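So you can see what is in the structure, the chains are spelled out below.
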Amino acid sequence: MDTQQAPFPLINRQAARIIQGRHTEVLVVSFIDKILILISQYGKVGSLMHTIVDQQSLTVSTAAGDLASTSSSFLLGAGSSTSKKTQLYQVYASHISQMIQHQNPMESRSVVLSLALAIQEPDLDRGQSGEEEKEERLRDRELFENVVELVNECCVWM
């Protein structure tokens, strides 16, 4: 068992912003062995994921200037592997973990990420025009960029 003393009280940061007309909250808490990140547009815990950065790929990727590979698994609330929300949540988890690693290469803690975001699944019965699909992708990208910026404002890994 690790006998290293954790700082108390725990270091935490919180930020909020209106993104696409929805109040969006981010809370980041630094534990001795993990970084907990809660992101919600619903005021509740959503899908819970655990993400680690592959330490072996880290040395190779850092030397090459690439991002390290990550491994994510759903702990709670996993949807269908083909659902848009599930796939986007995996992108969020990977990107946020890589961002943390990039900002602090000495960071070795895993990330526990909770996401409860208003991401619309496409209406497969109705179909979408090319223009509607493009607008949806732009909305998804805007949400992603704003959420990542909010997480970055709550930095506890430096």
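The text that follows walks through the structure, step by step, so that each part is easy to find. (Residues numbered from 1 in each chain as written. Predicted model: local features only at pLDDT ≥ 70, side-chain atom pairs only at ≥ 80, totals over all residues. Heavy atoms only, no water.)

Some thoughts on unusual backbone geometry
So, point 1. Even without being glycine, glutamine 20 reaches a positive phi, approximately 55°.
So, point 2. Within the element layout of this structure, glutamine 20 appears in the loop between strand 1 (11-19) and strand 2 (22-30). (Helix = DSSP H or I, 4+ residues; strand = E, 2+ residues; numbered from the N terminus.)

Regarding the packing of helix 2 (residues 84-103) against helix 3 (residues 130-153)
So, point 1. It is at 11 Å that the axes of helix 2 and helix 3 come closest, and there the two elements cross at 35°. Seen from above, helix 2 lies across helix 3 with right-handed handedness. Where helix 2 approaches helix 3, its residues Lys84, Leu88, Val91, Tyr92, His95, Ile96, Met99 and Gln103 are matched on the opposing element by Glu136, Asp140, Leu143, Phe144, Val147, Val148, Val151 and Asn152.
So, point 2. Across the contact of helix 2 with helix 3, the residue classes tally to 10 nonpolar, three polar and three charged. (Axes fitted to C-alpha atoms, helices over the stretch in contact; angles between N-to-C directions. Left-handed = near helix turned anticlockwise from the far one by under 90°. Contact = heavy atoms within 4.5 Å. Nonpolar A, V, L, I, M, F, W, Y, C, P; charged D, E, K, R; others polar.)

A closer look at a nonpolar patch on the surface
So, point 1. Residues Val45, Leu75 and Leu76 make up a contiguous nonpolar surface patch of about 290 Å² in total accessible area.
So, point 2. Topologically, valine 45 is positioned in the loop between strand 3 (34-40) and strand 4 (47-53). (Patch = residues over 30% accessible without salt bridge, like charges linked within 9 Å, V, L, I, M, F, W, Y side chains within 5 Å. Areas by Shrake-Rupley, 256 points an atom, 1.4 Å probe, with all protein chains shown as cover. Salt bridge = Lys/Arg side-chain N within 4 Å of Asp/Glu carboxyl O.)

Focus: the sheet that holds strand 2
So, point 1. Taken in spatial order, the six strands line up as 1-2-3-6-4-5 in an open sheet, and their pairing is mixed. Among the strands making up the open sheet, the edge pair consists of strand 1 and strand 5 (70-76). Looking at each pair of strands side by side, their axes are set apart by 15° on average, direction ignored.
So, point 2. As paired elements, strand 2 and strand 3 share six bridges and run antiparallel to each other. (Pairing = 2+ DSSP bridges.)

Section: the pattern of salt bridges
So, point 1. As enumerated under the stated definition, the model contains eight salt bridges in all.
So, point 2. Here glutamate 153 and arginine 17 are joined by a salt bridge, their closest N and O atoms 2.5 Å apart. Placement of glutamate 153 in helix 3 and of arginine 17 in strand 1 is noted, with a sequence separation of 136 residues between them.
So, point 3. Judged by its relative accessible area of 48%, glutamate 153 is partly exposed.
So, point 4. One network of salt bridges, in which partners are shared, links Arg17, Glu149 and Glu153. (Buried < 20%, exposed > 50% of the residue type's maximum accessible area, 1.4 Å probe, protein only.)

Considerations on the nonpolar core
So, point 1. Among the nonpolar cores identified, the biggest contains 28 residues, and Ile37, Ile39, Tyr92, Leu113, Leu117 and Val151 are the most heavily contacted of them.
So, point 2. For this core, the elements supplying multiple residues, two or more each, are strand 1, strand 2, strand 3, helix 2, strand 6 (110-116) and helix 3.
So, point 3. Ignoring sequence-local partners within four residues, the contact set of leucine 113 consists of Ile37, Ile39, Ser47, Leu48, Met49, Tyr92, Ala93 and Ile96. (Core = buried A, V, L, I, M, F, W, Y, C linked by side-chain atoms within 4.5 Å.)

Details of the pairing of strand 2
So, point 1. The pairing of strand 1 with strand 2 spans nine bridges and is classified as antiparallel. Residue pairing for strand 2: arginine 17 is matched across the bridge by threonine 24.
So, point 2. Here strand 1 hands over to strand 2 after two residues, with glutamine 20 in that stretch at a positive phi of 55°.
So, point 3. From the end of strand 2 to the start of strand 3, which pair antiparallel, there are three residues.

Some details on the side chain of glutamine 98
So, point 1. Position of glutamine 98 relative to the elements: it lies in helix 2.
So, point 2. The exposure class assigned to glutamine 98 is buried, which follows from its relative accessible area of 15%.
So, point 3. The contacts of glutamine 98, once residues within four sequence positions are left out, are Leu67, Ala68, Ser69 and Thr70.

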